[in-house]
Each structure stands twice: as C-alpha cells, then as structure tokens.
Amino acid sequence: MAKHWADLQYEIYLNGMTGTVPRLPTDLTRLEALTEQRLGPGPVGYVAGGAGDGSTARANRAALRRRRIVPRLLRDVHERDLSVEVLGRSLPAPLALAPVGVLSIMHPEAEPAAARAAAAQGVPFTLSSASSTPMEQVAEAMGDAERWFQLYWPKDREVARSFLRRAKAAGYSALFVTLDTPLLAWRPRDLDQAYLPFLHGVGTANYFSDPAFLAGLAKPVHEDPNAAVSHFVGMFSDPAKTWPDLAFLREHWDGPIVLKGVLHPDDARLAADAGMDGVVVSNHGGRQVAGSVAAADALPRVADAVGDRLDVLFDSGVRTGDDVFKALALGARAVLLGRPYVYGLGLDGRAGVEHVIRCLLAELDLTLALSGHAGPATPGRADLVEETS
C-alpha cells in the first residue's frame, strides 16, 4: 500500500493532544517572512532576492495563482499513490530538492542537513556545484539515497571533467546543467549589501577540494585564499558556451543529463536533438532575467514541444501543494523545490527541511484527492481554469 502523505495532518492533531504544536508554520508561504525576521539581511537577501526589481519572481507566483483548480467529485481516491518515474528512477512523489548553493549562510549544518532530510523522506537531493560542503561529504551524509549533481559549467575543461568524475564516483545518478547563469544577474538586494559569499571563499568547497582546480594555483588555498577566489571567479561560468558543447558533457557523463533553465520550446527541442534526457523549465526563481516570462507560463509550451521525448521538470515559484498540482497539470513530470526548503533549513536545520517536505507533500496528496485524482499522472489542463482579470 502506498504511503499517504496526507496522514501528517492526523499526526499533528494527535500531537496537539499533549500540547505539542509544529515548530514552524504549516503554511509554507509564511516561511520567508519568518526567515527575514530571524536571519541577517545578507543571507536572507541572497536567498530571497531576485534580478532587477523582483518582477520575475513575482510573475512566477502570479502565474501559478492565476490558474485555479477545478475539482471533480465522486471519484475513488481512497487509495492514492504519488510515486512517479523520473529519469528512469522510481520516486515516492513528484518532488526533488532543487540545487541551491552556499547553504552554510543559512545554517551551520548546511548541505548535509538538507541532504539527510531529503534522504529520510525518500526525496532526491540535488547538490549545487556552489555548495559550501564538498560533494563527497554530502554523498556520505545521504548513504544510498537518490542524489543528483548540478553543474555550473566552468571555463576550465579539466575542472569540468574532474567534477563529473567525482560526482559519478560519489554516487550522484543524474547531472543537472544550469544554463541560465553564464553571467551573474543584476541583483539589487545583494548589491545594496555588497554581499557575495564566494568572494569570502564560501560556496567554493567543491572547487577548493578539486585536484584540477588546485593544479591551477601557484600556492595552496590556505596560503593565498585571495588568489584561489580570483581563480574561481575567473572560471565559474562561461558565456561562450553553445549547443555543440553539450557533446563534451555526453562524452564525460554516462547517466541522465538534464538542462536547467529552459523557457523556450525551441531550446527544449535543441536539448532533445542533442540527446539530453530532460529539461527543467525554470527562470532560476526569478534571479537571472528581470522581466522574464513566468516559468509556469512557459511550461505548457515546452511540455507540448518535447513532453514525449524528454522528462519535463519544473521549478520557480513553487511554495505549496496546490502549486505542485498545477505544475503537474501544465505538463511537468515532477517539481524541484528551492527557497521553501532553504527557509526551513535556516529556521530549524534538518528538522525544518523535513517539515517543509512533509507539509508540501501532505498538501499535494490532499489537493489531488480533493480534486478527484488518485495520483500525479492524471491532472491535466482540463483540471485548471485561468483567471483573466
């Protein structure tokens, strides 16, 4: 019998009989404001902020809110199963944790805490290249649990090759390549604080532990940290990369490859033509292009273009279980969750991340059932209406 994630609500009510209430809100949209109150402006701005005036981040939320669910009645939803197959792997729910860098600015236990939380709930954890913990340590924290590696594709081919070798050796099963960050965007919340953790050697753990990266330094990192940071900044991303360069990745990675940041159906088709296995419809949570199309508005066109050829995943703007339902109905096979789990981490460490995962999936389970669906495969566009006002 499949797990009913919705049972969390009864667990909470029963705990209430002894006077215990949840440590964090069960309305996950409230976590950002709580984090703003409790953490410093630099870290909070880095996570919560967006490009330009924040219009893209707001558009992501608005595009999901604008779509309303039309529940269907008298359908048998007694037994529900949220499991899905993504990238050839069976997952207990259509959810994975998105790659978010520099988690040590939110909580001292950083990536390992979030990875353990994901592993405990059976949800894949995607590790950012820009993590504050080396990929091998995060893998060790997860045991045999499903983990994916996100690559910021560096200029230095030897470092790229080394990262892929290390990730494969550490048991990361899929490669997510973020393509929407060939340059850092104009981010006023970070600029106003002059806050960029990488310049302090935070978020550089994978680089500073990498033999190919270290081979490019005249002195060890601890002897000349500024030179190491400068070397990192010079290679972190590469605005000269083009579609033919994907052959390099296919040559050096033998598992699934997913391109993250796709918004145009023609780019999705190019990904399929290049032999990729999936795309993430994403605008980086509104952090890269101010005035960009909302990710949820881009999703149906991408799903129509390549849904029969690739696994179409989605992120940007997801905060609630009904957001996940809407993404599934618009053509996503699964959703990557970003900021909410990071707020959970900042507020309550590993337990905070588990709280976010469980609440989101409980709400998804209930939303599916109360809308007439026993699993994530059946919602479609006919289950949504779009508000025009």
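Because the structure is predicted, anything quoted here is derived from the model rather than measured.

**Examining the environment of Glu354**
Stage number 1. Along the chain, the position of Glu354 falls in helix 16 (residues 339-370).
Stage number 2. Taking the C-alpha atoms as reference points, Glu354 and Gly344, ten residues apart in sequence, are found 8.1 Å from one another.

**Regarding a nonpolar patch on the surface**
Stage number 1. A contiguous nonpolar patch, built from Leu179, Trp243 and Leu270 and spanning about 230 Å² of accessible area, is present on the exposed surface.
Stage number 2. Relative to the helices and strands, Trp243 is located in the loop between helix 11 (225-235) and helix 12 (246-252).

**Quick look at the nonpolar core**
Stage number 1. Judged by nonpolar contacts, the single largest core of 109 residues is most densely connected at Leu97, Phe125, Phe149, Tyr172, Leu249, Phe314 and Tyr341.
Stage number 2. The element that contributes the greatest number of residues to this core is helix 16, accounting for 14 residues.
Stage number 3. Excluding residues within four positions of it along the chain, Phe149 makes contact with Thr126, Leu127, Ser129, Met135, Phe163, Ala167, Tyr172, Ala174, Leu175, Phe176 and Asn206.
Stage number 4. Membership of the second largest hydrophobic core comes to 14 residues, among which are Leu87, Trp148, Ala174 and Ala334.

**Notes on the packing of aromatic side chains**
Stage number 1. According to the stated counting rule, one finds 13 aromatic pairs in the structure shown.
Stage number 2. Aromatic pair Tyr46 and Tyr195: ring centres 6.4 Å apart, planes at 65°, arrangement edge-to-face. Of the two residues, Tyr46 is situated in helix 3 (residues 41-48) and Tyr195 in the loop between helix 8 (188-193) and helix 9 (205-208); the sequence distance between them amounts to 149 residues.
Stage number 3. Residue Tyr46 is classed as buried on the basis of its relative accessible area, which comes to 10%.
Stage number 4. Given a relative accessible area of 22%, Tyr195 falls into the partly exposed group.
Stage number 5. Aromatic pair Tyr207 and Phe232: ring centres 4.8 Å apart, planes at 75°, arrangement edge-to-face. With Tyr207 in helix 9 and Phe232 in helix 11, the pair connects residues that are 25 residues apart, well separated along the chain.
Stage number 6. A residue is classified by how much of its surface remains accessible, and Tyr207, at 0% relative accessible area, is buried.
Stage number 7. According to the relative accessible area criterion, Phe232 is buried, its value standing at 2%.

**Observations regarding empty space enclosed by the protein**
Stage number 1. Overall, the coordinates contain one cavity of 30 Å³ or more when judged by the stated rule.
Stage number 2. Of the voids in this model, the largest cavity is the one considered here, and its volume is about 470 Å³.
Stage number 3. In this structure, the largest cavity is lined by 30 residues; those nearest its centre are Pro99, Val100, Lys260, His284 and Arg287.
Stage number 4. Of all the elements in the fold, those that place two or more residues in the lining of the largest cavity are helix 3, strand 11 (334-337) and helix 16.
Stage number 5. For the lining of the largest cavity, the class distribution of residues is 14 nonpolar, ten polar and six charged.

**Observations concerning the pairing of strand 9 (residues 278-281)**
The side chains of a regular strand alternate, residue by residue, between the two faces of the sheet.
Stage number 1. Here strand 9 shows a buried face lined by Gly278 and Val280 and a second buried face lined by Val279 and Val281.
Stage number 2. Note that the unit made of strand 8 (residues 257-262), helix 13 (residues 265-273) and strand 9 has a crossover that is right-handed.
Stage number 3. Two strands pair when backbone bridges link them, and strand 9 and strand 10 (residues 311-314) are joined in this way by four bridges, in the parallel orientation. Across the sheet, Val280 pairs through a bridge with Leu313, a residue of strand 10.
Stage number 4. After leaving strand 9, the chain enters helix 14 (residues 295-306) and then returns to the sheet as strand 10, a path that is right-handed.

Thresholds, definitions, all that
Residues numbered from 1 in each chain as written. Predicted model: local features only at pLDDT ≥ 70, side-chain atom pairs only at ≥ 80, totals over all residues. Heavy atoms only, no water. Helix = DSSP H or I, 4+ residues; strand = E, 2+ residues; numbered from the N terminus. Patch = residues over 30% accessible without salt bridge, like charges linked within 9 Å, V, L, I, M, F, W, Y side chains within 5 Å. Areas by Shrake-Rupley, 256 points an atom, 1.4 Å probe, with all protein chains shown as cover. Salt bridge = Lys/Arg side-chain N within 4 Å of Asp/Glu carboxyl O. Core = buried A, V, L, I, M, F, W, Y, C linked by side-chain atoms within 4.5 Å. Buried < 20%, exposed > 50% of the residue type's maximum accessible area, 1.4 Å probe, protein only. Contact = heavy atoms within 4.5 Å. Phe/Tyr/Trp six-rings, centres within 6.5 Å; stacked < 30°, edge-to-face > 60°. 1 Å grid on protein atoms, 1.4 Å probe; cavity = no way out; pocket = protein on both sides within 12 Å on 5 of 7 lines; lining within 4 Å. Points joined across faces, edges and corners; volume = space filled by probe spheres on them. Nonpolar A, V, L, I, M, F, W, Y, C, P; charged D, E, K, R; others polar. Right-handed = clockwise from strand over helix to strand, strands pointing away. Pairing = 2+ DSSP bridges.

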